[in-house]
Amino acid sequence: MRETQVRDFYATSGWTPIWSPRAEQALTAALEKRAGHGLDRVQFLPDLSKLSAAAREIALTRAVADPAKLHRIYTIPRPEVDLAPGLVTAARAGRVDAWLDSLAPGTPEYAELAKAYLQQQKMASQESTAEISSGDLIHPGDEDPRIPQIVTALVENRYLAMPVLASPAPPQGTNGTLYSSDIVTAVKAFQHDYGISDDGVIGADTVAILNVRPGDRARSIAVAMERLRWLTRETTATRIDVNTASAELSYFRDGKLVDQRNVVVGKPGRETPQISTSLFRLVANPTWTVPKSIQRGEMAGKSAAYFRRNNMRWRNGWIVQGSGPRNALGLVKFDLQNSLAIYLHDTPAKTLFDKHQRQLSHGCVRVSDALGFAQMLAEQQDIADQWSRACASGKIAYVRLPEAIPVRLLYRTVYVSQANQVTYRTDPYGWNVAVADLLGFGKNAGKQFRSEVDDIGP
């Protein structure tokens, strides 16, 4: 608890001690079960036996943790919980354990992540520490001495069943080093789920992620659970969620997932922030006013021929790109209510959507088949005719949505997919490090992505 919350707690209790032996026992019991929330590395309580009665009382009150703000920009609403009266009531009733459990999300996803965390922790206590070494590419049908280690890692990740290790004797001369078809199938599934090229060829990226051990996965799951605890318990039935870690957009309508598509989001150093906002209008044939940072950076020194080729001109000290298919915003912009100049938009760089790592933009969110997405929204809101006329005009035109759609830009490196599969992604922005440190895992960084694409666009 923060100091203000501690004061509120004792003001609510009439400034009298509240931690009876029964209440203290209930809190201790709750903390002993904290592994189910990925909090087993957090030291909530000091050695109470060494404290005076007053110090012991304050220590027990402070043990109810309040997650710190760890991001420069974070505007997603947090749960509204009046901690002081709830904790006073629970402590007096000796039901602190039940009250603390009620603060955690009660969703199936949270329960599935909690289950996966305990499984990975158990596996981590039994794992070997030998890593798979780097080396030449391994193609289907190749023989390689690393195959037994790769099989072991795939079994740990549940992409292969244990009987594979005791399968019929390998072909003569291979000594279990053959990259066989059943292993290839497992590797392709593994590559797909981790967002890397699922061609079955084992290269540096695949080896690096295969070397992520159960303890590393447990760490990532604990961070994911912490981020879920930061979110309000009730979600809007109709909304757009963008996961910047996986670079995917999910559109929910009336509580059902109706559309999911790839997006391109901010690259490391130009991260798309975690914000809550709303989509309030569509912009057909948008122009693009180049931000000063891009003017001074990528645009510095561009020739007059470059400006003509890209339909750009100077206007009141700003570079403005005219409407058209080569515009950096493409043919549609999705305007969001925020002061950060963050929005969704189309792009002429369509090939970037085929990449497995799509943290490539300057911070805004580029949407795959943006025109198709805009058309779907326009039809659902009965403005399809107005939208068609705006697009056909060839000029910038604004079409307001009758009902604004809530939008959340989230960062989730572990989540439960629609197929109820715990899904892992890399930590492209390195944002897991500070959260993991708060949770007692130290500051070791996971696998991060570094963009090699440097195109000019928002």
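### Observations regarding the packing of aromatic side chains
Thought 1: On inspection of all chains with the given rule, the structure shows 9 aromatic pairs.
Thought 2: Ring geometry for phenylalanine 334 versus phenylalanine 373: centroids 5.7 Å apart, planes at 50 degrees, classification tilted. One end of the pair, phenylalanine 334, is in strand S8 (residues 332–336); the other, phenylalanine 373, is in helix H13 (residues 370–380), with 39 residues separating them in the sequence. One exposure class covers both phenylalanine 334 and phenylalanine 373, and it is buried.
Thought 3: One aromatic cluster is present, built from ring pairs that chain together Tyr251, Phe334 and Phe373.
Thought 4: Stacked on the ring of phenylalanine 252, the Lys or Arg arginine 239 has its end atom at 4.0 Å from the ring centre.
Thought 5: Between lysine 302 and the ring centre of tyrosine 306, over which it is positioned, the NZ or CZ distance is 4.8 Å.

### Considerations on the nonpolar core
Thought 1: Leu113, Ile150, Leu154, Tyr179, Ile221 and Leu439 are the most contacted members of the largest nonpolar core, which has 50 residues in total.
Thought 2: For this core, the elements supplying multiple residues, two or more each, are helix H6 (108–124), helix H7 (147–156), helix H8 (181–193), helix H9 (204–210), helix H10 (214–230), strand S13 (414–416), strand S14 (422–424) and helix H15 (432–438).
Thought 3: Per-element accounting of this core gives the leading share, 8 residues, to H10.
Thought 4: Counting 49 residues, the second largest nonpolar core, distinct from the first, contains Val263, Ile275, Val365 and Leu409.

### Considerations on the packing of H13 against helix H14 (residues 384–392)
Thought 1: Between H13 and H14, the shortest axis-to-axis distance is 8 Å and the interhelical angle comes to 145 degrees. Facing Ala374, Gln375, Ala378 and Glu379 of H13, the residues of H14 in contact are Ala384, Trp387 and Ser388.
Thought 2: Residue classes in the contact of H13 with H14 are distributed as 4 nonpolar, 2 polar and 1 charged.

### What to know about the pairing of strand S3 (residues 256–266)
Thought 1: Where strand S2 (residues 248–253) meets S3, 6 bridges bridge the pair, whose relative direction is antiparallel. Following the sheet pairing, arginine 253 is matched in S3 by lysine 256.
Thought 2: Turn length for the S2-S3 hairpin, with the two strands adjacent in sequence and antiparallel, is 2 residues, and the turn residue aspartate 254 shows positive phi of about 55 degrees.
Thought 3: Relative to strand S11 (residues 365–367), S3 runs antiparallel, the two sharing 2 bridges.

### Digging into the confidence of the model for the protein
Thought 1: Looking at the protein as a whole, the pLDDT averages 83, with 80% of positions reaching at least 70.
Thought 2: When pLDDT is averaged over each element of the protein, H13 comes out on top at 98 and helix H3 (residues 53–62) at the bottom at 52.
Thought 3: Across residues 64–68, confidence stays below pLDDT 50; counting only partners more than four residues off in sequence or on other chains, it has 15 contacts.
Thought 4: Per-residue pLDDT stays below 50 along residues 163–168; that stretch engages in 4 contacts with residues further than four places along the chain or on separate chains.

### Observations concerning the packing of H7 against H8
Thought 1: In contact at an axis separation of 11 Å, H7 and H8 are set at 55 degrees when each is read in the N-to-C sense. One way to sum up the angle between H7 and H8 is to call them oblique. When you trace H7 past H8, the crossing you get is left-handed. Residues Ile147, Val151 and Leu154 of H7 form the contact with H8, whose participating residues are Ile183, Ala186, Val187 and Phe190.
Thought 2: Residue composition of the contact of H7 with H8, by class: 7 nonpolar, no polar and no charged.

### Examining a positive patch on the surface
Thought 1: A contiguous patch of positive charge on the surface is contributed by Lys302, Arg308, Arg309 and Arg326.
Thought 2: Turning to its location among the elements, arginine 308 is positioned in helix H12 (residues 304–309).
Thought 3: Using a relative accessible area of 64% as the deciding quantity, one classes arginine 308 as exposed.

### Topic: the pairing of S8
Thought 1: The element S8 is extensively covered by neighbouring structure, given that 5 of its 5 residues are classed as buried.
Thought 2: Residues Val332, Phe334 and Leu336 of S8 are buried on one face, and the alternating residues Lys333 and Asp335, pointing to the opposite face, are buried as well.
Thought 3: Examined bridge by bridge, strand S4 (residues 276–284) and S8 share 5 bridges and lie antiparallel to one another. Looking at the pairing, leucine 279 lines up with leucine 336 of S8.
Thought 4: Two elements, S8 and strand S9 (residues 344–345), share 2 bridges in a ladder whose sense is antiparallel. Looking at S9, one finds that phenylalanine 334 is bridged to leucine 344.

### Topic: H6
Thought 1: For H6, spanning 17 residues, the distance from its first C-alpha to its last is 24 Å, which sits close to the expected 24 Å at 1.5 Å a residue.
Thought 2: Its buried side turned inward, H6 meets H7, H10, S13 and S14.

### Describing the pattern of salt bridges
Thought 1: Going through the model one piece at a time under the given rule, you end up with 9 salt bridges.
Thought 2: In this structure, glutamate 109 engages arginine 412 in a salt bridge whose closest nitrogen and oxygen atoms are separated by 3.0 Å. Of this pair, glutamate 109 sits in helix H6 while arginine 412 is found in the loop between strand S12 (397–410) and S13, placing the two residues 303 residues apart along the sequence.
Thought 3: A residue is classified by how much of its surface remains accessible, and arginine 412, at 16% relative accessible area, is buried.
Thought 4: Across the salt bridge formed by glutamate 226 and arginine 229, the nearest N and O atoms sit 2.6 Å from each other. Taken as a pair, glutamate 226 and arginine 229 lie in helix H10 at a separation of 3 residues, close to a single helical turn. Here glutamate 226 and arginine 229 have matching classes, each one buried.
Thought 5: Residues participating in the shared-partner salt-bridge network are Arg239, Asp241 and Arg408.

### Brief notes about the sheet that holds strand S5 (residues 288–289)
Thought 1: Reading across the sheet, the 3 strands line up as S5-S7-S6 and stay open at both edges, with antiparallel pairing between neighbours. Sheet topology places S5 and strand S6 (312–315) at the edges, where each strand pairs with a single neighbour.
Thought 2: Pairing analysis gives 2 bridges linking S5 to strand S7 (residues 318–321), with the strands arranged antiparallel. Across the sheet, residue tryptophan 288 finds its bridge partner in S7, namely glutamine 321.

Conventions and cut-offs
Residues numbered from 1 in each chain as written. Predicted model: local features only at pLDDT ≥ 70, side-chain atom pairs only at ≥ 80, totals over all residues. Heavy atoms only, no water. Phe/Tyr/Trp six-rings, centres within 6.5 Å; stacked < 30°, edge-to-face > 60°. Helix = DSSP H or I, 4+ residues; strand = E, 2+ residues; numbered from the N terminus. Buried < 20%, exposed > 50% of the residue type's maximum accessible area, 1.4 Å probe, protein only. Lys NZ or Arg CZ within 6 Å of the ring centre and 35° of its normal. Core = buried A, V, L, I, M, F, W, Y, C linked by side-chain atoms within 4.5 Å. Axes fitted to C-alpha atoms, helices over the stretch in contact; angles between N-to-C directions. Contact = heavy atoms within 4.5 Å. Nonpolar A, V, L, I, M, F, W, Y, C, P; charged D, E, K, R; others polar. Pairing = 2+ DSSP bridges. pLDDT = per-residue confidence, 0-100. Parallel < 35°, antiparallel > 145°, perpendicular 65-115°, else oblique. Left-handed = near helix turned anticlockwise from the far one by under 90°. Patch = residues over 30% accessible without salt bridge, like charges linked within 9 Å, V, L, I, M, F, W, Y side chains within 5 Å. Areas by Shrake-Rupley, 256 points an atom, 1.4 Å probe, with all protein chains shown as cover. Salt bridge = Lys/Arg side-chain N within 4 Å of Asp/Glu carboxyl O. Lys, Arg positive; Asp, Glu negative; His and termini not counted. Charge placed at Lys NZ, Arg CZ, Asp CG, Glu CD. Expected span 1.5 Å × (residues − 1).

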